[in-house]
Amino acid sequence: MSVTAVVGANWGDEGKGKITDYLGGKADFVVRYQGGDNAGHTIINEFGKFALNLLPSGVCHTSIINVIGPGVAFNPLSFVAELQKFLDRGMTMPQLRISDRAQMVLPVHVMLDVLEEQRLADRQFGSTKSGIAPFYADKYQKIGIQVADLFDDQRLYERLQALLEMRNTAIVHLYGKDPVRVEDIMATLQEKRAVIAPFVCDTTALLHDAIRQGKHILVEGQLGALRDPDHGIFPYSTSSSTLAGYATVGAGIPVRALTEVIAVVKAYSSCVGAGPFVSELFDEQGDTLRRLGGDAGEYGAKTGRPRRVGWFDAVATRYGCQVQGATQVALTNLDVLGYLDEVPVCYAYEIDGNVVHQFPTTAHLDRAKPVIKHLPGWKTDISSIRTFEQLPKAAQDYVHFVEEVVGCPITIVSVGPKREDIILRG
Ligand code: GDP
């Protein structure tokens, strides 16, 4: 029996989708446990390139059961659209299960997200405007609506009424818009529920059974440690916990079942959305890294927005691995750095004249400057290399450097965006 969490150690976009898709070959279940359709996981395999938003990253493996757990922000409209788009590409219908306890992102949440970002104007958080923050606010306000409620009209109506009673106050008086009517949302949900119905079940019971039977489960995090609301760069954080510690809660599995935590670390840094980003590059070095990064440049898989990029940040990544409780690291995008004579890394911060190695709170991060050192580059294309020993010495040394600063073994090195572009160590 093994349950492995694949989670981000940075700001998101580390390549978790690629690693999950690769490891999925040996898994029975892939489970999403938090977040919603607000991020994109890119996977490239024999079927082509997919930017998955809500679908778990095991959907290309027909043998895998893909689970949307109770902790996910489930948008039924975008789920139906994404599934249709996936099938329209000639893909086989994946095995999907949606928790009847997951709560739903409604059109009113998306509307509120858009209105709030407009209201904030130049103080906005860079939300993807997918409704995630208003959704989680409603969940914890106890006015959210569970997937199970979709199939009980009376209950759905009453729950929507209670939610809108609260939310229409802001829509009318804070944002100056017309109130949203229960009937409009009811009609939209009723139209989609027939598509969703076959997938809905008690996924908690399903996964507990699977664990008893010794099945292999991958739980897949969205975004990264530095976007966690408790441990990340609050308030530039996301609205659900991105940590492996939350995986058992959001997936609905016993905490003792989690056996491995693979923290996915990017060989350089990238970040979508607002917030402090100490090693960010603003000059042509940044433009080059953005152009050469990822599979087709560093542009958001969900939004297409240019990502902010910078050198590898040892302080943030060490902290990210620490709060994830990493037992292993998967280092991705190492191939991208192959154009550099020397590879700059941010190995410490300077704050008010002091050299700092421990990741500080947001208030201090705003004053932090990167302390850069240069490591030898390998100046060659490593994307076809499949064993660690064949990597140029400088690339091996870079892996050793990252391993040392994060204090955790790097067991997987990713050298390209495709499923097979991978080196396993140990
Ligand atoms: P996720 O949300 O963590 O799954 O990450 P994204 O899919 O948003 O972003 C990761 C980007 O890096 C995507 O463009 C991937 O195709 C790409 N990628 C993943 N691993 C590698 C790698 O080792 N090398 C290169 N060049 N690109 C990679």
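Talk me through the pattern of salt bridges; I want residue IDs and the actual numbers.
Scanning the model with the defined rule gives 22 salt bridges in all. The salt bridge partner of Glu 191 is Lys 192, with a shortest N-O separation of 3.7 Å. Between Arg 386 and Asp 421 there is a salt bridge; the shortest N-O distance is 3.0 Å. Of the two residues, Arg 386 is situated in the loop between strand E18 (369–376) and helix H12 (393–406) and Asp 421 in the loop between strand E19 (410–414) and strand E20 (422–424); the sequence distance between them amounts to 35 residues. One network of salt bridges, with partners in common, ties together Asp 13, Lys 266, Glu 298 and Arg 307.

Account for the domain arrangement of the protein, naming residues and giving values.
Entries for the protein in the domain assignment read domain 1 (2–102 + 200–262), domain 2 (103–196) and domain 3 (264–424). Its C-alpha centre places domain 1 at a distance of 23 Å from the equivalent point of domain 3. At the interface, 43 residues of domain 1 touch 45 residues of domain 3. Taken together, both faces of the contact between domain 1 and domain 3 bury some 3,500 Å²; the carbon and sulfur share is 55%. Linking domain 1 with domain 3 are four salt bridges, by the criterion used here.

Can you break down the site of the ligand residue by residue, with the values?
The full set close to the ligand counts 20 residues, and Lys 16, Gly 17, Thr 42, Asp 295 and Ser 414 are the nearest of them. One of the side-chain nitrogen or oxygen atoms of Asp 13 is found 3.1 Å away from an oxygen atom of the ligand. Residue Gly 416 places a main-chain N or O atom 3.2 Å away from an oxygen atom belonging to the ligand. If you list the elements that add at least two residues to the shell around the ligand, you get helix H1 (16–23) and strand E3 (41–45). Of all the elements, H1 adds the most residues to the shell around the ligand, at three residues. Per-domain counts for the shell around the ligand show at least three residues from each of domain 1 (2–102 + 200–262) and domain 3 (264–424).

Got a sec to walk through the pairing of strand E16 (residues 342–351)? Specific residues and values, please.
Across the ten residues of E16, seven count as buried, placing the element largely inside the fold. By the bridge criterion, two bridges tie strand E14 (residues 312–313) to E16 in an arrangement that is parallel. Across the sheet, residue Asp 313 finds its bridge partner in E16, namely Cys 346. Sheet analysis places E16 next to E18, joined by eight bridges and oriented antiparallel. Across the sheet, residue Ala 348 finds its bridge partner in E18, namely Val 371. Between E16 and strand E17 (residues 354–356), which follow one another and run antiparallel, lie two residues, and Asp 352 among them has a positive phi close to 50°.

Let's hear about the packing of helix H2 (residues 76–88) against helix H6 (residues 182–196): which residues, and what values?
The contact between H2 and H6 brings their axes to 10 Å, and the two run at 45°. What the angle tells us is that H2 and H6 run oblique. Where H2 crosses over H6, the two elements pack in a sense that is left-handed. Residues Pro 76, Leu 77, Phe 79 and Val 80 of H2 form the contact with H6, whose participating residues are Thr 188, Leu 189, Lys 192, Val 195 and Ile 196. The residue makeup of the contact of H2 with H6, split by class, is seven nonpolar, one polar and one charged.

How each quantity is defined
- Residues numbered from 1 in each chain as written.
- Predicted model: local features only at pLDDT ≥ 70, side-chain atom pairs only at ≥ 80, totals over all residues.
- Heavy atoms only, no water.
- Salt bridge = Lys/Arg side-chain N within 4 Å of Asp/Glu carboxyl O.
- Helix = DSSP H or I, 4+ residues; strand = E, 2+ residues; numbered from the N terminus.
- Domains from an automatic or database assignment.
- Contact = heavy atoms within 4.5 Å.
- Buried area = accessible area lost by both parts, 1.4 Å probe.
- Near = heavy atom within 4 Å.
- Polar contact = N/O pair within 3.5 Å; in protein donor to acceptor, adjacent residues only side chain to side chain.
- Buried < 20%, exposed > 50% of the residue type's maximum accessible area, 1.4 Å probe, protein only.
- Pairing = 2+ DSSP bridges.
- Axes fitted to C-alpha atoms, helices over the stretch in contact; angles between N-to-C directions.
- Parallel < 35°, antiparallel > 145°, perpendicular 65-115°, else oblique.
- Left-handed = near helix turned anticlockwise from the far one by under 90°.
- Nonpolar A, V, L, I, M, F, W, Y, C, P; charged D, E, K, R; others polar.

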